Amino acid sequence: MFTVLFEGVDCSGKSTLRAQFEKFTRYKYVTMDRGHISVFVYGTERFRTAVKAMRDADILLCQKTTLDLLDLCGTLENMQDHLVIVRVVASDNTIMSRVGATQHQPFDLATHKALFALAFDTLHTIAPNVSIIEINTSVVDYSHDNAINAILERIDALQQNEL
C-alpha cells in the first residue's frame, strides 16, 4: 500500500489536490495532507527553534535543527519503498490571494518557504531515493488531472521497481 504525502506551505493547494486525488483514485491510497516535513516546519517548538536559529545564525540552534532534519530524513528513508511525497508549491502572489480569499490567518510566507526548502534540500541530500514530485499549482497550464496523472505515474514506476 502506497502512502502519498501532500506537503507545502499553507494555501499552496495541498488540500484541494489531495481531495481531487482521493476522489479520482477512489481512496485507493493512504493520503496525508501534511506529513513529517510539515511536522518539522509547523511543529511549535521546532518551528520556533528553526526560525530563531536562522534569524540569529545561532550555531547550537542550527545544530539542533540539523539533528531534527536528519531524524526526519531517516524516518522518510525507511518508508521510501511505499511513499510518494508531493511537494505542492505556488507563487507568492497565488498564495497570498488564497490567504485573502479563504480568510486564512496571515503568516510569514518567506520563513515558511525557507523552512520547507531547507527540509526538502536536506531530504534530497540525505535520502535521495525518497520519491518527491513537485506540483506548481499557480502555473498557467496547471490542472488537477495532469497533477494526478503525474502522481500515479510515479507510483506505477515505484511498483515496477518492486517486481
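Up top is the structure.
As a starting point, this report considers the structure included with it. On a predicted model such as this, the values are computed, not experimentally measured, just so you know.

Our next topic: the overall build of the chain. Within the chain, the secondary structure is distributed over 7 helices and 4 strands. Reading the helices (α) and strands (β) of the chain from amino to carboxyl end gives β-α-β-α-α-α-β-α-α-β-α. In the chain, buried positions account for 42% of the 163 residues. Contacts in the chain between residues at least 24 apart in sequence constitute 78% of all its contacts with a sequence separation of at least 6. Counting only carbon and sulfur atoms, one obtains 52% of the accessible surface of the chain, whose full area is about 9,000 Å².

Attention shifts here to helix α5 (residues 92-102). Among the residues of α5, T94, I95 and V99 are the ones counted as buried. Each buried residue of α5 sits inside an arc of 140° when the element is viewed along its axis, so together they form one side. With respect to the buried face of α5, the exposed residues turned more than 90 degrees away are N93, G100 and A101. Contacts made by the buried residues of α5 are with α6 (109-126).

Okay, the pairing of strand β2 (residues 30-33) next. Regular strands place their side chains on alternate faces of the sheet. By the bridge criterion, 4 bridges tie strand β1 (residues 3-7) to β2 in an arrangement that is parallel. The partner of F6 across the bridge, within β2, is D33. Of the crossover connections in this fold, the one passing from β1 over helix α1 (residues 14-25) to the parallel β2 is right-handed.

Rules of the game
Position numbers for residues start from 1 in each chain and track the written sequence from start to end. Only residues with pLDDT of at least 70 are given local features in this predicted model, and only at 80 or more are side-chain atom pairs given and counted; all residues enter the totals for whole chains, interfaces and linings. Computation of side-chain values covers all heavy atoms of the structure but excludes hydrogens and water. By definition, any uninterrupted DSSP run of H or I lasting at least four residues is a helix, any uninterrupted run of E lasting at least two residues is a strand, and each is numbered from the N terminus. Each residue's exposure class comes from its accessible area (1.4 Å probe, protein chains only) as a fraction of the maximum for that residue type: buried when under 20%, exposed when over 50%, partly exposed otherwise. Contact criterion: two residues are considered in contact whenever any of their non-hydrogen atoms come within 4.5 Å of each other. Each accessible area value is a Shrake-Rupley result obtained with a 1.4 Å probe; residue values ignore everything except the protein chains displayed when judging cover. For this quantity, the arc is that covered by the directions from the helix axis to the C-beta atoms. A pair of strands is treated as paired once DSSP finds two or more bridges between them. When the strands point away from the viewer and the path from the first strand over the helix to the second turns clockwise, the crossover is right-handed.

Worth remembering: the numbers are spatial, not functional.
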